[in-house]
Amino acid sequence: EIRRLYGYTSFGVGAEHFRFLRWLYARAWLSAERPSVLFDLATAWLVERKVLLPGATVLARLVARVRDRAERRMWIKLSEAVGPAECTRLEGLLIAPEGERRTHLDRLRRSPTRVSAPSMVGALERYAEVKALGVSEVDLSAVPPGRIKALCRYAATAWAPTIARMPERRKIATLLAFAKGLEVRALDDALDLFDLLLGEIFRRSERLGEKGRLRTIRELDAAALKLRAACMVLLDPNAGASDLREAVFSRVGKEELSAAVARVGELTRDPEERYHEELLDRYTTVRRFLPALLRSVPFSASKAAEPVLEAIEFLRSVEGLRNPKMDEAPLGVVDKGWRSLVFTPEGKVNRRGYTFCVLDRLRDALKRRDVFAEGSERWGDPRARLLSGDAWEAARHQTCRALGLSPDPWAEIGALGERLDASYRRRAEGLPANPAVRVERRGGKEVIVVTPLEGLEDPPSLVELRERVYSLLPRVDLPEVLLEIHARTGFVSEFTHVSEGGARVEDLATSVCAVLLSEACNIGPEPFVNPAVPALKRGRLLWVQQSYLRAETMTRANARLVEAQSRIPLACAWGGGEVASADGLRFVVPVSTINAGPNPRYFGRGKGVTYFNFTSDQFTGFHQIVIPGTVKESLYVLEGLLEQQTSLDPQEVMTDTGSYSDLIFGLFYLLGYQFSPRLADVGESRLWRIDKAADYGVLNSVSRNRANTGLIARNWDDLLRIAGSLKTGTVSASELVRSLQRPAGSRRGRSSTLARAIGELGRLSKTLYLLDYYADASYRRRVLVQLNRGEKRHKLARTLFYGKKGELRQRYREGQEDQLGALGLVLNVLVLWTTSYMDLALARICEASDEYEIRDEDVLRLSPLGHDHVNFLGRYHFGLPDELKRGGMRSLRDPEEAEEKDFRAFCLPVTDS
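Residues numbered from 1 in each chain as written. Predicted model: local features only at pLDDT ≥ 70, side-chain atom pairs only at ≥ 80, totals over all residues. Heavy atoms only, no water.

**Student:** It is not clear to me how the overall build of the protein chain should be interpreted in this structure. Could you clarify?
**Tutor:** What the protein chain contains, in helices and strands, is 38 helices and 14 strands. The C-alpha atoms of the protein chain give 33 Å as radius of gyration, which agrees with the globular expectation for 913 residues (29 Å, within 12%). Looking at the protein chain as a whole, 51% of its 913 residues are labelled buried. Of all intrachain contacts in the protein chain linking residues separated by at least 6 positions in sequence, the fraction that spans at least 24 positions is 75%. (Helix = DSSP H or I, 4+ residues; strand = E, 2+ residues; numbered from the N terminus. Rg over C-alpha atoms; globule rule 2.2 N^0.38 Å. Buried < 20%, exposed > 50% of the residue type's maximum accessible area, 1.4 Å probe, protein only. Contact = heavy atoms within 4.5 Å.)

Rendered as structure tokens:
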């Protein structure tokens with residue numbers, strides 16, 4: 001009767017059940033989601049449509065059957081996509097060659113680590129070997145990409161005997177997915193290595209050239225002094241023209257002068273020349289990998305880089321010829337700096353010099369993405385992934401509505417011009433009354449001078465509040481922090497096996513927490529191994545590390561931690577999650593790897609990576625990116641906003657000067673975000689206007705630059721298309737920005753028309769930001785405070801990452817990303833734990849005394865990044881009282897208790913019981 005009255009239907013009957021099964025199967029087929037996720041989604045679907053819920057086990061078994069059916073369908077489709085010959089080659093991956101222990105599968109899974117010519121040859125041979133499997137042209141469009149990616153990820157970590165024991169269809173499907181994914185990764189690795197190797201060749205040549213110049217500097221000085229003496233005679237106004245030669249030769253003999261002129265000609269170089277002659281000594285290094293590069297890698301190019309592609313095709317055509325006709329070489333790639341090396345004194349083309357010139361131009365064009373490799377993910381053409389054709393026409397209106405942009409360029413420019421004009425006039429009126437900002441004349445031009453902010457003194461009320469709060473925080477060992485936060489949030493449940501199957505081991509949370517700490521502390525699993533505890537046995541920890549720690553599981557776990565932090569009242573007082581900062585933390589990588597770059601300022605003579613992470617105004621990290629070396633961070637600022645998967649919705653990002661460019665300002669404006677960098681030379685920044693005749697009073701002298709609005713209008717549809725593609729995720733933000741920007745250090749060409757249009761829009765957006773930044777000291781303070789939060793978080797990361805001298809010793813990109821991802825995850829666990837107890841301590845302080853007043857401005861300056869109450873060293877005991885296992889919290893400390901007594905209690909040894 002209740003069911004009939006409220007319109008509910010029974011589970012398992014009628015058309016509604018058929019629709020449910022169809023929906024569940026489609027979801028399982030398209031997304032490859034975990035059983036627990038499908039279970040929750042199925043429950044929500046049934047509740048929404050008023051279907052009476054079955055028993056939990058009934059629904060769980062149904063979800064399992066549907067997932068199994070979807071997987072079998074995938075195995076059938078993938079195995080049927082290849083013929084008998086391809087199947088034979090794929091199965092051959094599981095065979096170990098005679099006399100070797102490793103199978104072909106294990107060997108191909110190992111990426112190159114050394115930057116050398118033999119390693120480059122090996123990387124190209126690896127790519128050619130994968131292509132020889134014959135799966136490049138296999139059409140897998142009938143299977144969702146997400147499922148292929150998940151299967152490839154499993155094959156990349158599974159043992160070869162495990163795959164060999166699979167049923168035939170599943171085995172072929174797994175190997176096919178692996179081969180398709182490995183083909184892309186092998187090409188990316190080869191091109192990464194090409195970029196690093198060629199850069200190393202040029203750097204070594206420059207170092208040798210500089211050393212050679214230093215050895216000849218005395219000879220050059222001596223010759224130059226003789227020339228100076230001769231020139232002094234020529235410049236003497238009293239010297240007569242008739243006896244000028246005699247006067248010169250009397251000062252410097254004719255033979256000496258001729259020798260000095262010849263010597264200067266030998267020792268001096270063209271300013272554009274980059275020590276090209278030293279390159280010729282390294283030609284044999286290039287010859288070791290050049291034939292394989294030309295033979296294996298398929299290059300394509302945009303119209304701007306067609307001369308580079310023509311030169312590559314010419315080198316490919318003459319490969320293997322002893323005396324090719326170099327006079328037929330296309331010379332569109334040869335600029336002024338290369339002419340002295342490419343052409344002989346007789347005007348003929350030098351094959352060695354021409355080869356180096358072409359490779360240099362190829363590397364430059366690859367970085368700019370004017371030349372791209374077909375089938376590559378990191379070196380492909382990002383512009384090809386932009387929305388276009390019918391897809392863009394269908395998304396145009398929705399993109400404009402979602403981003404708040406007008407499809408009419410002049411309407412958008414007019415609205416932006418009104419905002420800019422109003423801001424100019426408002427700031428010009430208030431400037432005379434602002435003692436911190438003034439206009440001065442420096443170096444022959446007018447500049448804006450901003451008085452630096454003074455450091456804030458800690459008021460006595462803040463000092464007292466900190467002491468009261470921190471004195472109440474319990475002392476705890478680091479492993480207990482992770483277990484306690486898991487008991488309250490269940491974040492460890494997001495770590496699932498790579499096969500997406502359920503775990504059949506007990507106490508998995510303890511194993512996962514131990515592995516997370518071994519990675520975050522950079523000490524390896526050894527300190528955590530305990531043969532008496534099944535969850536801490538060496539085999540268990542290594543298995544968990546291999547099968548559970550990966551990017552997607554840590555991303556999901558991190559999202560759960562960020563969500564828990566955002567529900568704490570104290571964190572909400574610090575901010576609402578709309579503001580974030582982005583900054584890089586440098587790590588030296590002392591092992592051989594291609595995913596690291598040199599920078600003497602940060603890494604000395606070695607190489608390293610940048611851990612570029614995003615910190616919210618609630619002190620949590622919501623995204624991180626590992627960057628080889630110290631690549632310009634502006635490439636990755638947008639990626640953190642667009643690809644982060646937490647519940648936060650940051651709208652404003654604050655960075656240092658290194659992440660600034662007009663292009664970034666323009667893209668932020670198109671996507672509706674606010675870019676707020678702390679500029680080191682803020683007074684030197686140029687202000688731009690639209691109305692040339694507008695009178696802005698005292699700001700007229702610093703705002704004479706007029707933006708090219710016509711360029712913006714002519715390219716407006718392409719600008720909207722870029723914004724829509726970024727918003728929908730069809731193209732990576734970093735790859736698109738890389739293709740639009742000119743590579744760092746490049747002296748060739750200029751930015752594309754589209755990049756210049758975005759830059760013009762960015763200049764107007766930057767001017768709006770600078771006018772507010774100049775006039776509002778509280779705004780400048782706000783930017784500084786948020787950046788300081790990120791820097792303090794980095795300091796805590798350094799303290800936590802204490803093992804192995806704080807150096808990152810992972811050879812592969814995936815290993816670096818996983819270890820630094822674990823570091824960011826444990827940092828968020830610490831922040832969440834400390835924030836929870838600080839919030840509890842504030843409540844205790846309010847309850848304990850009605851006379852003590854807590855000021856809101858003091859609460860805002862509290863920080864959860866202190867760590868004196870957490871023991872990082874010496875004990876790794878995994879155990880919790882029953883109350884904490886049920887999600888409870890510890891008792892706060894008694895602030896009256898003596899510090900020495902408390903510290904002795906804190907240092908007592910902890911038993912396994």
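So that's the structure; there's more coming.
**Student:** Hey, could you run me through the packing of aromatic side chains in this one?
**Tutor:** Aromatic rings considered in pairs are described by the distance between their centres and by the relative angle of their planes. Applying the stated criterion across every chain yields a total of 23 aromatic pairs. Look at Phe 612 and Phe 614: their rings are 5.3 Å apart centre to centre, the planes differ by 75 degrees, and that puts the pair in the edge-to-face class. Exposure remark for Phe 614: the relative accessible area of 0% places this residue in the buried category. One aromatic cluster is present, formed by Phe 665, Phe 668, Tyr 673, Phe 675, Tyr 769, Tyr 773 and Tyr 779 through successive ring pairs. (Phe/Tyr/Trp six-rings, centres within 6.5 Å; stacked < 30°, edge-to-face > 60°.)

**Student:** I'm lost on the confidence of the model for the protein chain in this one. Help?
**Tutor:** The predicted coordinates ought not to be read in detail in places where the model reports low pLDDT. On average, the protein chain scores 87 in pLDDT, and the residues at 70 or more come to 95%. Ranking the helices and strands of the protein chain by mean pLDDT puts helix 26 (residues 569–574) first, with 95, and helix 38 (residues 899–906) last, with 40. Note on residues 743–747: pLDDT is under 50 here. Beyond four places in sequence and across chains, it has 7 contacts. In the model, residues 898–913 has pLDDT below 50 throughout and makes 18 contacts with residues more than four positions away in sequence or in other chains. (pLDDT = per-residue confidence, 0-100.)

**Student:** Would you mind showing me how to read unusual backbone geometry here?
**Tutor:** Across the chain, the bulk of peptide bonds are trans and the bulk of non-glycine residues have phi less than zero. A positive phi angle, near 60 degrees, is found at Lys 50, a position not held by glycine. Topologically, Lys 50 is positioned in the loop between helix 3 (35–48) and helix 4 (56–80). The phi dihedral of Arg 369 is positive, around 65 degrees, even though this residue is not glycine. Take Arg 369: it is sitting in the loop between helix 18 (351–368) and strand 2 (371–373).

**Student:** What is the right way to read the nonpolar core from this model?
**Tutor:** Soluble globular proteins tend to pack their nonpolar side chains together in the buried interior. Of all hydrophobic cores here, the largest spans 82 residues; its most connected members are Leu 667, Phe 668, Leu 699, Leu 719 and Ile 722. Residue contributions to this core peak at 12 residues, all from helix 33 (residues 753–775). In contact with Phe 668, not counting residues within four places along its chain, are Val 637, Leu 638, Leu 641, Val 653, Tyr 673, Gln 674 and Phe 675. Of all hydrophobic cores here, the second largest spans 81 residues; its members include Trp 574, Val 589, Val 609 and Leu 796. (Core = buried A, V, L, I, M, F, W, Y, C linked by side-chain atoms within 4.5 Å.)

**Student:** Looking at this structure, I do not really get the side chain of Thr 489. What am I missing?
**Tutor:** With respect to the helices and strands, Thr 489 occurs in helix 22 (residues 478–489). Only 3.4 Å separates the side chain of Thr 489 from the backbone nitrogen of Phe 491, close enough to count as a polar contact. Residues contacting Thr 489, with those up to four places away along its chain left out, are Arg 560, Leu 561, Ala 564 and Leu 832. (Polar contact = N/O pair within 3.5 Å; in protein donor to acceptor, adjacent residues only side chain to side chain.)

**Student:** What's the story with the pattern of salt bridges in this structure? I'm lost.
**Tutor:** Opposite charge on two side chains permits them to pair, given that their charged atoms come into close proximity. Within this structure, the stated rule accounts for 54 salt bridges. Linking Glu 200 and Arg 203 is a salt bridge whose minimum nitrogen-to-oxygen distance equals 3.0 Å. In this pair, Glu 200 and Arg 203 both sit in helix 10 (residues 168–215), 3 residues apart, roughly one turn of the helix. Take Glu 200: its relative accessible area is 15%, and that puts it in the buried class. The exposure class of Arg 203 is partly exposed, given its relative accessible area of 29%. A salt bridge links Glu 494 to Arg 560; its shortest N-O distance comes to 2.6 Å. Remark: Arg 560 occurs in helix 25 (residues 551–566) and Glu 494 occurs in the loop between helix 22 and helix 23 (508–520); sequence separation between them is 66 residues. For Arg 560, a relative accessible area of 29% puts it in the partly exposed group. (Salt bridge = Lys/Arg side-chain N within 4 Å of Asp/Glu carboxyl O.)

**Student:** Sorry if this is basic, but what is going on with helix 18 here?
**Tutor:** Since the α-helix turns once every 3.6 residues, residues separated by three or four places project in the same direction. Relative to the 26 Å expected for 18 residues at 1.5 Å per residue, helix 18 spans 26 Å between its end C-alpha atoms, a close match to the ideal helical length. Of all 18 residues that make up helix 18, 16 are buried, and the element is covered over most of its length. With a side-chain oxygen lying 2.9 Å from the backbone nitrogen of Arg 352, the N-terminal cap of helix 18 falls on Asn 350. Looking one or two residues beyond helix 18, the residue adopting positive phi is Arg 369, at roughly 65 degrees. (Expected span 1.5 Å × (residues − 1).)

**Student:** Any chance you could explain the environment of Gly 806 here in plain terms?
**Tutor:** Position of Gly 806 among the secondary structure elements: in the loop between helix 34 (777–800) and helix 35 (813–848). In sequence terms Gly 806 and Thr 174 are 632 residues apart; their C-alpha atoms lie 38 Å from each other. The contact partners of Gly 806, leaving out residues within four places of it in the chain, are Asn 522, Phe 587, Arg 798 and Phe 801.

**Student:** Can you help me understand helix 8 (residues 145–157) in this one?
**Tutor:** The end-to-end C-alpha separation of helix 8 is 19 Å, in line with the 18 Å expected for 13 residues at 1.5 Å each. Listing the buried residues of helix 8 in full gives Arg 147, Ile 148, Ala 150, Leu 151, Cys 152, Tyr 154 and Ala 155. Against the buried residues of helix 8 lie helix 2 (14–31), helix 4, helix 6 (104–109), helix 9 (160–164) and helix 10.

**Student:** How should the pairing of strand 4 (residues 445–450) be read in this particular structure?
**Tutor:** Along any regular strand, the residues point their side chains to alternate faces of the sheet. Where strand 3 (residues 437–442) and strand 4 come together, 6 bridges link them in antiparallel fashion. Note on strand 4: the bridge partner recorded for Val 439 is Ile 448. Counted between consecutive antiparallel strands, the loop separating strand 3 from strand 4 contains 2 residues, among which Gly 443 sits at a positive phi close to 60 degrees. (Pairing = 2+ DSSP bridges.)

**Student:** Explain the packing of helix 21 (residues 460–472) against helix 35 to me, please; I cannot follow it from the model alone.
**Tutor:** Here helix 21 crosses helix 35 at 115 degrees, and the two axes come no closer than 9 Å. In terms of orientation, helix 21 lies roughly perpendicular with respect to helix 35. Considering the relative orientation of helix 21 and helix 35, their crossing is right-handed. Contacts between helix 21 and helix 35 involve Leu 465, Arg 468, Val 469, Tyr 470 and Leu 472 from the first element and Met 838, Ala 841, Leu 842, Arg 844 and Ile 845 from the second. (Axes fitted to C-alpha atoms, helices over the stretch in contact; angles between N-to-C directions. Parallel < 35°, antiparallel > 145°, perpendicular 65-115°, else oblique. Left-handed = near helix turned anticlockwise from the far one by under 90°.)

**Student:** Just checking my understanding: could you explain the state of the cysteines for this structure?
**Tutor:** Covalently bonding the sulfur atom of one cysteine to the sulfur atom of another cysteine gives a disulfide. On inspection of all chains with the given rule, the structure shows 0 disulfides. Here Cys 513 is not cross-linked by a disulfide; its sulfur's nearest cysteine counterpart is in Cys 521, at 12 Å. (Disulfide = S-S within 2.5 Å.)

**Student:** Can you help me understand a nonpolar patch on the surface in this one?
**Tutor:** Taken together, Ile 2, Leu 5, Tyr 6, Tyr 8 and Leu 52 make up a surface patch of nonpolar side chains, about 560 Å² in accessible area. Position of Tyr 6 among the secondary structure elements: in helix 1 (residues 2–6). (Patch = residues over 30% accessible without salt bridge, like charges linked within 9 Å, V, L, I, M, F, W, Y side chains within 5 Å. Areas by Shrake-Rupley, 256 points an atom, 1.4 Å probe, with all protein chains shown as cover.)

**Student:** Looking at this structure, I do not really get the side chain of Thr 285. What am I missing?
**Tutor:** Turning to its location among the elements, Thr 285 is positioned in helix 15 (residues 283–296). Non-local contacts of Thr 285, meaning those with residues more than four positions away in its chain, are made with Ala 117 and Ile 201.

**Student:** Looking at this model, I keep getting lost on the environment of Gly 181. Mind explaining?
**Tutor:** Here Gly 181 lies in helix 10. Residue classification places Gly 181 among the partly exposed residues on the basis of a relative accessible area of 26%. As for Gly 181 and Ser 616, which are separated by 435 residues in sequence, their C-alpha atoms are 34 Å apart.

**Student:** Explanation requested: a positive patch on the surface in the structure shown.
**Tutor:** On the surface, Arg 102, Arg 110, Arg 114 and Arg 811 cluster together to form a positively charged patch. Take Arg 811: it is sitting in the loop between helix 34 and helix 35. Given the relative accessible area of 39%, Arg 811 is considered partly exposed. (Lys, Arg positive; Asp, Glu negative; His and termini not counted. Charge placed at Lys NZ, Arg CZ, Asp CG, Glu CD.)

**Student:** Can you help me understand the environment of Ala 395 in this one?
**Tutor:** Counting through the fold element by element, Ala 395 comes out in helix 19 (residues 389–403). A relative accessible area of 15% means that Ala 395 is categorised as buried. Between the C-alpha atom of Ala 395 and that of Gly 724, which follows or precedes it by 329 residues, the distance is 7.5 Å.

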